[in-house]
Amino acid sequence: MTTWDPTQYLKFSDYRTRPAMELLARIPLDSPKRAVDLGCGPGNSTELLAQRWPDAFIRGVDNSKDMLDVARRAHPDWIWEESDIASWISDEPQDLIFSNAALHWLPLHEILLPRLAQQLSKGGVLAIQMPRNFQAPAHRLVRQIAEDGPWQGILAGVAEWHPPLEPAEYYDILSSAGGAIDTIDTIDTIDIWETEYVQIMDSTAAIAEWIKGSTLRPFLDKLSDAQQHQFLARYTEVLQFAYPLQPDGRVLFPFKRIFIVAQR
Ligand SMILES: C[S@@+](CC[C@H](N)C(=O)[O-])C[C@H]1O[C@@H](n2cnc3c(N)ncnc32)[C@H](O)[C@@H]1O
């Protein structure tokens, strides 16, 4: 399992939390009683839910002890549950199942999403945001360096990510158009959109720092300190060609994300 470094992840907390705010803004619920934040990480997305619905019973679910420790330290009286989303089952119907930047770490969305939708109360909402930029240079170069370097054998098969599907595929999964799934009577309305954020970074090294907080984790976990250093040096070098400097010395780092809000 990938280890997570909450400090590294939160280095870019503004850019990482903004999509969660934009997802939240589209949730058509006034006063959900029960809500869950799947893949809550250090609790930054859970805090947004609690700010909007202070009276709701909210819990954060994650399978990283390190992430949950940070969340727990910030809010010791909230409910933090160490579970794998792949097998997570709610003990009672949820009015909101929220997940920001987590479900792309899990496979088989055609099974996972209907299973989550089935755990909604009537009128309940499934709200999801995932990066959808797996063909972007910053991601492709990680795979390329992993495959081409002296660590090839060690890193073979490491990539744990599961590129999110196309918007139309999510529509099919969640709507009656999918046909083959039990949720066909479950979901009433579906809202899907994509946004490409043009993130302004201080340098190309900052892009490497960003990727170190997420996509690079499973790769670096497998390498020795010296190999990590070598991998990151090579990665930062090639990033410079893919993301040229602007005249002011900054670098534009476009980042596409998909959003889904489905109401039962
Ligand atoms: C990129 S962080 C997102 C954190 C937070 N939701 C946010 O909005 O910034 C992804 C989180 O998903 C968690 N995660 C990944 N796969 C998981 C799984 N199978 N079960 C539970 N949590 C998982 C990771 O541990 C990590 O904390």
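The structure this text deals with has already been given above.
Quick caveat: nothing in here was measured; it's all calculated off a predicted structure.

Enquirer: What's the story with the overall build of the protein chain in this structure? I'm lost.
Expert: From N to C terminus, the protein chain includes 11 helices and seven strands. For 264 residues, the compact-globule estimate of 2.2 N^0.38 gives 18 Å, and the protein chain sits close to it at 19 Å. Counting every position in the protein chain, which comprises 264 residues, the buried fraction comes to 53%. If you take every contact in the protein chain between residues at least 6 apart in sequence, the share linking residues at least 24 apart comes to 77%.

Enquirer: Any chance you could explain the environment of Cys40 here in plain terms?
Expert: Mapped onto the elements, Cys40 comes out in the loop between strand S1 (34-38) and helix H3 (44-52). A C-alpha to C-alpha distance of 9.0 Å links Cys40 and Phe98, two positions 58 residues apart in sequence.

Enquirer: Is there a simple way to think about the packing of helix H5 (residues 109-117) against helix H8 (residues 167-174) in this case?
Expert: When two helices pack together, their arrangement is given by the angle between the helix axes and by the axis-to-axis distance. Where H5 contacts H8, the two axes come as close as 9 Å, and the packing angle between them is 50°. Here H5 is positioned oblique relative to H8, judged by the angle of their axes. The hand of the H5/H8 crossing is right-handed. Across from His109, Glu110, Leu113 and Pro114 in H5, the residues of H8 making contact are Tyr170, Ile173 and Leu174.

Enquirer: So what exactly am I meant to see when it comes to the packing of aromatic side chains here?
Expert: To describe a pair of aromatic rings, you give the distance between the ring centres and the angle between the ring planes. Tallied over the full model, the rule gives seven aromatic pairs. On the numbers, 5.6 Å between centres and 90° between planes, the contact of Tyr243 with Phe253 is edge-to-face. Taken together, the residues span a long stretch of sequence, with Tyr243 in the loop between helix H11 (225-242) and strand S7 (251-263) and Phe253 in strand S7 at a distance of 10 residues. The exposure classification of Tyr243 matches that of Phe253, with both residues buried. The ring of Trp210 carries the charged tip of Arg16 above its face, separated from the ring centre by 4.0 Å.

Enquirer: Help me understand unusual backbone geometry in this model?
Expert: Positive phi is not limited to glycine here, since Ala101 has a value of about 60°. Its identity as a non-glycine residue notwithstanding, Leu108 has a phi of 55°, on the positive side.

Reading the values: rules and limits
- Residues numbered from 1 in each chain as written.
- Predicted model: local features only at pLDDT ≥ 70, side-chain atom pairs only at ≥ 80, totals over all residues.
- Heavy atoms only, no water.
- Helix = DSSP H or I, 4+ residues; strand = E, 2+ residues; numbered from the N terminus.
- Rg over C-alpha atoms; globule rule 2.2 N^0.38 Å.
- Buried < 20%, exposed > 50% of the residue type's maximum accessible area, 1.4 Å probe, protein only.
- Contact = heavy atoms within 4.5 Å.
- Axes fitted to C-alpha atoms, helices over the stretch in contact; angles between N-to-C directions.
- Parallel < 35°, antiparallel > 145°, perpendicular 65-115°, else oblique.
- Left-handed = near helix turned anticlockwise from the far one by under 90°.
- Phe/Tyr/Trp six-rings, centres within 6.5 Å; stacked < 30°, edge-to-face > 60°.
- Lys NZ or Arg CZ within 6 Å of the ring centre and 35° of its normal.

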